[in-house]
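# Results of the structural survey
Listed below are the residues making up each chain.
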Amino acid sequence: MSYTRGTIAALVDAVVPATPEAGDDVGAAGALDIDLDETVETAFNELQEAPEGPIRSLGYETMPFAPLLALLLDFGALELILAREREEPLQSPGERFAGGPFSRLAPEDRMRAIRLLEADGLFPALDERYDAPIGIVAYLMQGALFITTMAAYSDWGDDAEEPQGWQQANYPGPADGYAVHMGYEVDEFEENDYGTASTDGGDEA
Amino acid sequence: MTGSGIDMADPDVVVVGAGGDAPALAWRLGQQGIDVLMLEAGPFHGNEQFPNPHDDRGNAASAATGDLSGDLLDQQFTAREGDMGSPVDGKLRWGPADAERAPWARTVPQTGVISQVAGVGGTTLHYYGNHPRAFVPAIDDQPHWPIDYADLVPYYQHLESVHPVKPAPTTPKAELFFEGARRSGYDLTTGLNVDDEGYRPFPNAIHQPDEALARDGDYDGDFRDIDGDTLACHEHQGGPHPRGAEFEDRAKRGSLVSLVPKALDTGHVEIRPNAFATQVLTRAGPGPLEACGVAYRDTWTGRTRRIFADCVVLAAGCIETPRLWLNSGLPDDGWVGRGLTTHHFDFVSGVFDSETLEDIIGQRKVEPHQGQAAGSRLDVPGKGGIAVNTFAPGITASVMFSESVNGFAFENDTSGEPWDTEGRITGTKLKEQMSDYRRMLTLICHTDDRPRQDNGVSLDANTEDEHGPVARLDWSPHPEDDERRLDLARRSAKLLDEAGATHIHRAAAAPIFLHLQSSMAIGKVLDAGGEALSVDRLFVADHSALANGVGGANPTHTGQALALRTAEHLAERYFDGVADPIPADQTPASADD
Ligand SMILES: Cc1cc2nc3c(=O)[nH]c(=O)nc-3n(C[C@H](O)[C@H](O)[C@H](O)COP(=O)(O)OP(=O)(O)OC[C@H]3O[C@@H](n4cnc5c(N)ncnc54)[C@H](O)[C@@H]3O)c2cc1C
């Protein structure tokens, strides 16, 4: 387990945890049961091609965003801890987690760390101050949650015939069709009057 | 010209992009005998010239409807969510056709997600076929448009008859929505021209379903022996149904299956996929500057070429059209790329118990995965619109529960609000919500956000890919846009509550850039005929040409209507005019012509 993978494991586990105690409806398995840490790491490393310039000359064809994501998550966790905004005790990291501060936060505190990174913390404050696209941090945080969630509930994160997330949602998968036609609320729309066009329509430009 | 690998030697018009709107323009030009070469950055699906579009380059171009293959479409469009729609490695993404490569870069220095698709058909490969006209007051009363609503009507009518556009069928989830709307006091709208509140089935560019698919009937076929929509709800995944049908008979009328065949059929249109335009070529003209061609790069071979033509049309979408403009060093008076509108989406969902559902719709689940993805709506001119928007679980989880500007539900106090939870949901709570997927109705709010010069596309001079500096996107809502959105979210919650929802959730969504309009607006960057004010012979025919967000109605109907109109202006100004003007027909459009 690398630092990057293990830190991302702490992320995906907080979003879709294993819930052995939950009822059958909900499904006990979580994101780590389908190795979503690996899916998200790969997705972040393949999010976009590397621009011309220094990153490419280092040999990267795509942006190495996954290690950056892991670093940022730890940065956010550290800020949460230092700012005393943590609400639950630190815990020993899960078996597949890395050893950094993000991996030691309770699940909801991990989300609070993300909120600092995108909205309330140091990075957003720097973004106000400097004329550089620091808001890219917020973009990556949004991407992390979006990708984790979409992958957890689709074949993106589990390419089995019936992915785990589809099973947990009780979604039967793509079908050729459904006989659910109940007629028409309106048979045809009418070409109704739209009044006379007003004359203040647009000379402003 | 043939479907084999060489460029049309000497096109009259070169068009950048073959997405949602460009095929409408190309078709109209082709009808006038004008030779059009379309350069498309992404792949061409369902085409014999490109049998494995994500693995091999295939031939260079396609110019004949005989190349189009329903069988290939069936193979390529699996209807699996991730396989089709992963923004990173799905078949429908903003990136090169080559599956081995990563998506193309954009700089987005804020919370947000972009959803655009590269490929013939563009973002309509994902779209839900929703084709409402603009709200009348958005054109006639807002100050942005240099033309009247009446000028668009003949083009709307034309598209309504050719796609065709028809009232969506009622399905159980639509009936649940209608009942909530009725109980909230809204009336049914039956007119195409909307300037008042009301609910209605969506005017959709989706073939109506076979009558055999009646819910209370006894259809037990295999859905390959019927015509029209199979109600499979796979619009987002490319929507190839009905399986086995001819290419052009697929139910969802995205540009790929509806307008592209018509354009090719004129015998004057050739489409070259895998061709990324990098430069608009200009020369000094009688005016200050005049466009004369385009340079592009083959995305598989890296080879660059120049194509010269009498006119150039940009239709690369709201982000890439201004990027190409700026990378070409064309003049900018401050509005190039600016004034972007994006409908400031929100999402509100309700979960229902089985008894309530039994009462209202005669079945014990909502079944969001059955029936058209978006078949019913509520119009609120002046504020925007609300629509049923349903998805398979992956997109449901991500749009409903993973993106918000209001933090996490576990921190948000919702007392006094019409929703039970607000913001992102994670952990056990997310799993609980998703286990209710089949009893959930999800609504989208499309806000009538207004054009502002601060919002839009510029170049990120520090980030350059093989096509030049990449686009940077900045967009934030004005407080008035936030207010309109909140109003729509509250109406959505009320509607769900009236229908009997037991748990209502508001996403308070972070920007999802998926409806994009007005970044190269007519009246600002373009004249009323769609031609650039500062460069002759250069036109724009995608949603960036729209003067605002059309009030919050889904934009593609207006984008395509305007593209048809722009084609006619181009033909009038630089060729022999239009032989068969589209008539202003005040009678309802018919599906049969
Ligand atoms: C999930 C989803 C559902 C939607 N549902 C609806 C709906 O129901 N109704 C509706 O009205 N709208 C809907 N939309 C929005 C709609 O799809 C878009 O508004 C519409 O496709 C935009 O059309 P366009 O021509 O402006 O751009 P696009 O359709 O994005 O086309 C632009 C094309 O240009 C190509 N291109 C870009 N740069 C270059 C270049 N430099 N050289 C060559 N080619 C280039 C792109 O690859 C692309 O094919 C939906 C969108 C999504 C994502």
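Now for a quick tour of the structure. (Residues numbered from 1 in each chain as written. Chains lettered and ligands numbered in written order. Predicted model: local features only at pLDDT ≥ 70, side-chain atom pairs only at ≥ 80, totals over all residues. Heavy atoms only, no water.)

## Regarding the overall build of chain A
Each helix and strand counted, chain A has nine helices and zero strands in total. Going from N to C terminus, chain A has its helices and strands arranged as α-α-α-α-α-α-α-α-α. Since a compact globule built from 205 residues should have a radius of gyration of about 17 Å, the 23 Å found for chain A marks it as more spread out than a globular shape. The principal-axis extents of the C-alpha atoms in chain A amount to approximately 65 × 55 × 40 Å. Residues classed as buried in chain A amount to 52% of the 205 residues present. Partitioning the intrachain contacts of chain A with sequence separation of at least 6 by distance along the chain shows that 59% fall at a separation of at least 24. By element, 49% of the accessible surface of chain A is carried by carbon and sulfur atoms, the whole surface being about 9400 Å². Seen as two clouds, the 10 positive and the 41 negative side-chain charges of chain A have centres 19 Å apart. (Helix = DSSP H or I, 4+ residues; strand = E, 2+ residues; numbered from the N terminus. Rg over C-alpha atoms; globule rule 2.2 N^0.38 Å. Buried < 20%, exposed > 50% of the residue type's maximum accessible area, 1.4 Å probe, protein only. Contact = heavy atoms within 4.5 Å. Areas by Shrake-Rupley, 256 points an atom, 1.4 Å probe, with all protein chains shown as cover. Lys, Arg positive; Asp, Glu negative; His and termini not counted. Charge placed at Lys NZ, Arg CZ, Asp CG, Glu CD.)

## Side note on the packing of helix α4 (residues 65-82) of chain A against helix α6 (residues 107-120) of chain A
All names here are of chain A. Orientation of α4 relative to α6, taken along the N-to-C sense of each, is 100 degrees, at an axis distance of 8 Å. In this view, α4 runs roughly perpendicular relative to α6, as classed from their interaxial angle. Two secondary-structure elements touch here, α4 through L72, L73, F75, G76, A77, E79 and L80 and α6 through D109, R112, A113, I114, L116 and L117. Tallied by class, the residues present in the contact of α4 with α6 amount to nine nonpolar, one polar and three charged. (Axes fitted to C-alpha atoms, helices over the stretch in contact; angles between N-to-C directions. Parallel < 35°, antiparallel > 145°, perpendicular 65-115°, else oblique. Nonpolar A, V, L, I, M, F, W, Y, C, P; charged D, E, K, R; others polar.)

## Observations concerning the packing of helix α1 (residues 3-15) of chain A against helix α2 (residues 36-45) of chain A
Residues and elements named next belong to chain A. Packing of α1 against α2 leaves a shortest axis separation of 8 Å and a crossing angle of 115 degrees. Looking at the two axes, α1 sits roughly perpendicular to α2. Between α1 and α2 lies a crossing of right-handed hand. From α1, T4, R5, I8, A9 and V12 reach across to α2, where they touch L36, D37, E38, V40 and E41. Grouping the constituent residues of the contact of α1 with α2 by class yields five nonpolar, one polar and four charged. (Left-handed = near helix turned anticlockwise from the far one by under 90°.)

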